Amino acid sequence: MKSFNFLLPNRSDKPRNNGLTMALDKGLGYETGKSLMEIAGDYVDLLKFGWGTIVVHDRDIVMKKIKMYKSFDIIPYPGGTLFEIAYSQNKVSNYFKEAASMGFETIEISDGSTDMKTEEKLDFIATAKDKGFNVISEVGKKDPEKDSKISIDERVESIKDEIKAGSSKVIIEAREGGKNIGIFDKSGNAKDEEVNYLLKNLPNEKIIWEAPNKDQQIYFVLKVGSEVNLGNISSNDITSLETIRRGLRGDTLGKI
Amino acid sequence: MKSFNFLLPNRSDKPRNNGLTMALDKGLGYETGKSLMEIAGDYVDLLKFGWGTIVVHDRDIVMKKIKMYKSFDIIPYPGGTLFEIAYSQNKVSNYFKEAASMGFETIEISDGSTDMKTEEKLDFIATAKDKGFNVISEVGKKDPEKDSKISIDERVESIKDEIKAGSSKVIIEAREGGKNIGIFDKSGNAKDEEVNYLLKNLPNEKIIWEAPNKDQQIYFVLKVGSEVNLGNISSNDITSLETIRRGLRGDTLGKI
Amino acid sequence: MKSFNFLLPNRSDKPRNNGLTMALDKGLGYETGKSLMEIAGDYVDLLKFGWGTIVVHDRDIVMKKIKMYKSFDIIPYPGGTLFEIAYSQNKVSNYFKEAASMGFETIEISDGSTDMKTEEKLDFIATAKDKGFNVISEVGKKDPEKDSKISIDERVESIKDEIKAGSSKVIIEAREGGKNIGIFDKSGNAKDEEVNYLLKNLPNEKIIWEAPNKDQQIYFVLKVGSEVNLGNISSNDITSLETIRRGLRGDTLGKI
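None of these values were measured; they are calculated from a predicted model.

1. Describing the relation of the copies chain C and chain B
A rotation about some axis, followed by a shift along it, carries one copy of the chain onto the other. Overlay of chain C on chain B (RMSD 0.0 Å): rotation 120°, translation along the axis 0.0 Å. Taken together, the rotation and translation relating the two chain copies correspond to the operation of a three-fold axis. When each C-alpha of chain C is compared by its distance to the rotation axis, threonine 32 of chain C comes out closest, at 3.7 Å. Looking at chain C, a mere 3% of its interface residues are interface residues in chain B too, so the copies touch through different faces.

2. With respect to the layout of surface pockets
Picture a little ball the size of a water molecule; that probe, rolled over the atoms, points out where space is still empty. All names here are of chain B. Of the pockets and cavities examined, the second largest pocket occupies roughly 440 Å³. In terms of lining residues, the second largest pocket is bounded by 22 residues, among which Asp13, Lys14, Pro15, Arg16 and Asp45 are the most central. Each residue belonging to the lining of the second largest pocket can be placed in one class, and the counts come to 8 nonpolar, 4 polar and 10 charged.

3. Some points on the pairing of strand 4 (residues 106-109) of chain B
Residue and element names in this part refer to chain B. Every second residue of strand 4 is oriented toward a common face, with Thr106 and Glu108 on one face and Ile107 and Ile109 on the other, all of them buried. Where strand 4 lies against strand 5 (residues 134-139), 4 bridges are found, and the strand directions are parallel. If you follow isoleucine 109 over to strand 5, its bridge partner there is serine 137. Viewed along the sheet, the connection from strand 4 through helix 5 (residues 118-130) into strand 5 turns out right-handed.

4. Topic: the packing of aromatic side chains
Considering all chains together, one arrives at 36 aromatic pairs over all chains under this definition. Ring centres 6.0 Å apart and planes at 70° place the aromatic pair phenylalanine 49 of chain B and tyrosine 69 of chain B in the edge-to-face group. Remark: tyrosine 69 of chain B occurs in helix 2 (residues 59-71) and phenylalanine 49 of chain B occurs in strand 2 (residues 46-49); sequence separation between them is 20 residues. Considered together, phenylalanine 49 of chain B and tyrosine 69 of chain B belong to a single accessibility category, that of buried residues. Every member of this aromatic cluster is reached through a ring pair, and the members are Phe4 and Phe6 of chain A together with Phe83, Tyr87, Tyr95, Phe96, Phe124 and Phe133 of chain B. Looking at lysine 64 of chain A, its charged tip hangs above the ring of tyrosine 30 of chain A, at a distance of 4.3 Å from the centre.

5. Digging into the nonpolar core
With 134 residues, the main nonpolar core has Phe4 of chain A, Phe4 of chain B together with Phe4 of chain C as its most contacted residues. Not counting the four nearest positions on each side in its chain, phenylalanine 4 of chain A is found in contact with Ile54, Val55, Leu82, Tyr95, Glu98, Ala99, Met102 and Phe104 of chain B.

6. What about the sheet that holds strand 2 (residues 46-49) of chain A?
Residue and element names in this part refer to chain A. Reading across the sheet, the 8 strands line up as 3-2-1-8-7-6-5-4 and stay open at both edges, with parallel pairing between neighbours. Each edge of the sheet is formed by a strand with only one pairing partner; in this case those strands are strand 3 (75-78) and strand 4 (106-109). Direction aside, the axes of adjacent strands within the sheet are offset by 30° on average. The pairing of strand 6 (residues 169-172) with strand 7 (residues 207-210) spans 3 bridges and is classified as parallel. Considered in strand 7, the bridge of isoleucine 172 is made with tryptophan 209. With respect to the sheet, helix 2 (residues 59-71) is in contact with strand 1 (21-25), strand 2 and strand 3, its orientation differing from that of strand 2 by roughly 165°. Sheet contacts for helix 10 (residues 238-245): strand 1 and strand 8 (230-234); angle to strand 8, the most-contacted strand, approximately 135°.

7. A look at the interface of chain C and chain B
Counting residues at the interface gives 36 residues for chain C, matched by 27 residues for chain B. Of the roughly 2700 Å² buried between chain C and chain B on both sides combined, carbon and sulfur atoms contribute 62%. Its largest share of buried area at the contact with chain B, chain C owes to Trp51, Val55 and Val56 of chain C, together 24% of the area lost on that side. At the boundary of chain C with chain B, the tally comes to 4 salt bridges. Notably, a salt bridge pairs aspartate 251 of chain B with arginine 175 of chain C, separated by 2.9 Å at the nearest N-O pair. Remark: the boundary between chain C and chain B carries 15 residue pairs in polar contact (both at pLDDT 80 or more).

8. A few points about the pairing of strand 6 of chain A
Residues and elements named next belong to chain A. The alternating pattern of strand 6 places Lys169 and Ile171 on one face and Val170 and Ile172 on the opposite face, and all of these are buried. Relative to strand 6, strand 5 (residues 134-139) runs parallel, the two being bridged by 4 bridges. Looking at the pairing, isoleucine 136 lines up with lysine 169 of strand 6. As a crossover connection, the stretch from strand 6 through helix 8 (residues 192-201) into strand 7 is right-handed.

9. So, the interface of chain A and chain B
At the junction of the two partners, chain A supplies 27 residues and chain B supplies 36 residues. For the pair chain A and chain B, the interface holds 4 salt bridges. With a shortest N-O distance of 3.1 Å, aspartate 58 of chain B and lysine 2 of chain A are connected by a salt bridge. The interface formed by chain A and chain B includes 15 residue pairs in polar contact (both at pLDDT 80 or more). Of all the elements in the fold, those that place two or more residues in the side of chain A that touches chain B are helix 1 (30-40) and helix 10 of chain A. Among the elements that make up the side of chain A that touches chain B, the one with the highest residue count is helix 1 of chain A (5 residues).

10. Looking at the sheet that holds strand 2 of chain B
Residues and elements named next belong to chain B. The 8 strands are arranged 3-2-1-8-7-6-5-4 in an open sheet whose pairing can be described as parallel. Of all the strands in the sheet, the pair left with one neighbour each is strand 3 (75-78) and strand 4. In this sheet, neighbouring strand axes are inclined to one another by 30° on average, regardless of whether the strands run parallel or antiparallel. With 2 bridges connecting them, strand 7 (residues 207-210) and strand 8 (residues 230-234) associate as parallel partners. Within the sheet, the bridge partner assigned to tryptophan 209 lies in strand 8 and is leucine 230. Here helix 10 (residues 238-245) sits on the sheet in contact with strand 1 (21-25) and strand 8, set at roughly 135° to strand 8.

11. Examining the packing of helix 5 (residues 118-130) of chain A against helix 7 (residues 152-165) of chain A
All names here are of chain A. Between helix 5 and helix 7, whose axes approach to 8 Å, the crossing angle comes to 30°. The angle between helix 5 and helix 7 falls in the class roughly parallel. The crossing of helix 5 and helix 7 is right-handed. From helix 5, Lys121, Leu122, Ile125 and Ala126 reach across to helix 7, where they touch Asp161, Glu162 and Ala165. Broken down by class, the residue content of the contact of helix 5 with helix 7 amounts to 4 nonpolar, no polar and 3 charged.

12. Digging into the relation of the copies chain A and chain B
When chain A is fitted to chain B, the residual RMSD is 0.0 Å, and the transformation amounts to a turn of 120° plus an axial shift of 0.0 Å. Each copy contacts the other with its own distinct surface, as only 4% of the interface residues of chain A are interface residues in chain B too.

13. Overview of helix 10 of chain A
Residue and element names in this part refer to chain A. Summarising burial for helix 10: 8 of the 8 residues are buried, a large majority. Considered for burial, the residues of helix 10 that qualify are Ile238, Thr239, Ser240, Leu241, Glu242, Thr243, Ile244 and Arg245. Considering only its buried residues, helix 10 is in contact with strand 1, helix 1, helix 9 (214-224) and strand 8. One or two positions beyond helix 10, positive phi appears at glycine 247, with a value near 70°.

14. Digging into the pattern of salt bridges
All told, the structure shown has 75 salt bridges over all chains when counted by the stated rule. Lysine 142 of chain A serves as the salt-bridge partner of glutamate 173 of chain A, at 3.0 Å between the closest nitrogen and oxygen. In this pair, glutamate 173 of chain A sits in the loop between strand 6 and helix 8 while lysine 142 of chain A sits in the loop between strand 5 and helix 6 (144-148), placing the two residues 31 residues apart along the sequence. Grouping residues by exposure puts glutamate 173 of chain A and lysine 142 of chain A together as buried. The closest approach of N and O atoms between lysine 26 of chain C and aspartate 237 of chain B, which form a salt bridge, is 3.0 Å. Residue lysine 26 of chain C is located in the loop between strand 1 (21-25) and helix 1 (30-40), and its partner aspartate 237 of chain B is located in the loop between strand 8 and helix 10; the two belong to separate chains. Shared partners join several salt bridges into a network, and the residues in it are Lys26, Arg175 and Glu176 of chain A together with Lys214, Asp237, Arg249 and Asp251 of chain C.

Reading the values: rules and limits
- Residues numbered from 1 in each chain as written.
- Chains lettered and ligands numbered in written order.
- Predicted model: local features only at pLDDT ≥ 70, side-chain atom pairs only at ≥ 80, totals over all residues.
- Heavy atoms only, no water.
- Least-squares fit on C-alpha atoms with pLDDT ≥ 70 in both.
- Contact = heavy atoms within 4.5 Å.
- 1 Å grid on protein atoms, 1.4 Å probe; cavity = no way out; pocket = protein on both sides within 12 Å on 5 of 7 lines; lining within 4 Å.
- Points joined across faces, edges and corners; volume = space filled by probe spheres on them.
- Nonpolar A, V, L, I, M, F, W, Y, C, P; charged D, E, K, R; others polar.
- Buried < 20%, exposed > 50% of the residue type's maximum accessible area, 1.4 Å probe, protein only.
- Helix = DSSP H or I, 4+ residues; strand = E, 2+ residues; numbered from the N terminus.
- Pairing = 2+ DSSP bridges.
- Right-handed = clockwise from strand over helix to strand, strands pointing away.
- Phe/Tyr/Trp six-rings, centres within 6.5 Å; stacked < 30°, edge-to-face > 60°.
- Lys NZ or Arg CZ within 6 Å of the ring centre and 35° of its normal.
- Core = buried A, V, L, I, M, F, W, Y, C linked by side-chain atoms within 4.5 Å.
- Axes fitted to C-alpha atoms, helices over the stretch in contact; angles between N-to-C directions.
- Buried area = accessible area lost by both parts, 1.4 Å probe.
- Salt bridge = Lys/Arg side-chain N within 4 Å of Asp/Glu carboxyl O.
- Polar contact = N/O pair within 3.5 Å; in protein donor to acceptor, adjacent residues only side chain to side chain.
- Parallel < 35°, antiparallel > 145°, perpendicular 65-115°, else oblique.
- Left-handed = near helix turned anticlockwise from the far one by under 90°.

Honestly, it's all geometry; don't read function into it.
Dropping the structure here:
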C-alpha cells in the first residue's frame, strides 16, 4: 500500500504499453541503484545504460545491475551509441552476441553519431528482431547542426519505416541535455508545431519522447496526457515525473 | 570530534530555533538517505518530503524513512502540496489522520497550487495545531504569474496572520528551482528591497527562506547571518550550505 | 574484464602521470561513495574533499572515507581552501600535523580566497614537501573580479615558480561552477587563445585543468587529447568523462 493511499490517482501498472518511463543510468553504483529502485522501481519501465558507459565498467557489476533491474520488472538495455561504436568497427555481430550473453533482451538501434544508410539501419532492426531481441530504434542526430537538416517529413517517414522494420518503439532524440536538438529549441522549449505534426502523423503509443528536463516533461504530460512515453529521465527525477503524470506536483495539480 | 576540529567555527546545535536548514527529499532511496544523514544529518533540522512524492511510495518505506530521519534528530514532514491535494478533494480530515498515523508530528499548510480563502487557511493552521501538530505554513503561489500579483504588504500581512493562527514558522515560497518567484527574479537573484522590507517588518526567527541555489544561500548568509533559516536545500548541498554558514567556503571565508 | 571488452579503446592505467581525473567529493555518504568507487574507481586518480567540507564532518567518517578511497588506489586530499582557512588563523603547522595524522599524503596549497605573498606561498609548498607530502598547488582567485586581474603571463610565471618550489601538479582554478573564472568566460566557454598560450608555455603533464562542465571536458579532450589532466569532476560524471576520453560518447566518437 502507498502512503496517503486515498490520494493516489490511478494509472496503468507495469507491464505497460503506454505511459512508459525510460530512465537513464549513466553510471550508478550497484547499491545506490538498488536503493533507488526499491523506492521508485515501480515507475521505471525501461532503463537505458547511457551511451558507451558500460564498456568502461566491469562485466560482473553490469551483469549484477542487469539482474537487479530485471528483479524490479524493469527492462534494461544498452544505449544506441554503443551499437554505433560496434557498427563503426564492423563488430555488429559480436555486439549482438555479447548483448545476449550478458542478459540483455532489448537493444537500441540508432544512427545519431554515425553515418549509416537508411536501408542498413532498417536491416539492423530486422536482424536484431530475428535474433530474438525486442528492438527500440532512435531517430535524430546528436550533432545539432546535422540534426537540424532532417525535415519533419523525413522524421515521420523514418519512424514509420523503422516501425515497419520491427522497432517496438521509436525514440525521438534529445540527448541528456535536451537543448537545441530535435523538437527542442536552444532554450529547451518544445517546438509546438513540430510536435503537433508528429502527433498527427504517427501512432502515439509507438513514440518515446526524450524529455530530460522538468519543463519538457510537464509539457508532454499536459499535451498528450499521463500515459505519454517519456525517455532520458534522470535517475534523480523518476519519482518527480511520476508525480507530474498523476497531478501530484504543483505544475499539473488539477490539470490532469 | 570533527576533522581539523581547531578550524571549526561555532554555531548553535540542534535542536535550534534559528539557523535552521530545511532539506528537500524528492525520492531518495532509504539506504542512500541514511548514508547521507550519517555524514550530514547534524546539519538538517527539517526534512521536507517534496510535494506529493510520498503518495507514489510504499507506506512501509516512507515510514522507515521517517523513523530513520527522526533517529538523527531531524523533523520529517510532508510537503504542503500534499495537504492541498487532500484539500482539493475534501479529504483534509483523512489527511491529518494518515499523517499522524505514519509518525509525522509536523505538517505544512500552504495554498501555493490551490485557491483557498484566507480564513480557511488560517482555520486549517489552527485545527492542525489543535490536533497536536507542529505547524509550518507557506506563503506564495507556485504559478509565477499568480505569485507576482501578491503585493509585498499582503505577504507581510499573511505571514503575521499565520503566525498568530499557530504557525511555528512561515516559509517564503521559491519552489525547487528558485527562479521568477517570490523574492527571486528571473535569473534567481534576490530582490534586495523586498527582502529588506520583509526583514524589517517580520520576526526573522519565524521565517524560513526557500533558497535552493548556492548564490541565494550565500546572499542570505551574508545579509542575515549564519543563523538564518533556509529551506528547499537539495540533499546534495546540505554540507555545502553548512560550510557557507560557517565561513568554510571561499564565498563566505573571512566574511562571517 | 569489462563489458563489450572488444569495444574498449586503450588508455593508460593507474597509477598514471598523465590523463589524471581529479574528482570532487562535496559530502558523499560513506556507503554511497563506496558504491560509486566500486563501479567507477578505476577512473579516479585524485579525490578532492571540496573546500572546508570535512571540517563539519566527523573525523571517524572522514578517516573511513580516506581509507576507502585509498583501497581503490585513489589519492584523497583536502581542498586548498581548508589550507587557507588554517593560514588565515596562523594554524598552518597544526594543519600539516592533522592532515598527516588523518592519513592524507597529498595536500593542496592555494591562495584563491586569501591574500598571500608569492614568496609565502612558495615557502608553504617547499615546507609541505619537506614534511613528506606530495604537493599540488592551485593558481587563480575564487573571486572573478580579483581573478580577472591576473595576466596570462603572471599565471605562467606563478605556475613555473610553484613547480620549481615543489608542486607535483598545478591546478588552474575554475571552482565547482566553471563560469566567469580563469580560462572560462561567463558562459563557461574556454578562452581558446589563453589556453593555447598556457599550453605553449607550460609542461602539459604538470597542469590539471578544472573543467566541471561536460562541454569543457569535451573541449580539453578534443584539444589536448585523452590524456589531459582534468579536475573538479562531479562525482556523478566520473564515468561520463571516461567515455569522453575514450571516444565512447557521441561528442568524441570517431574524433579521438
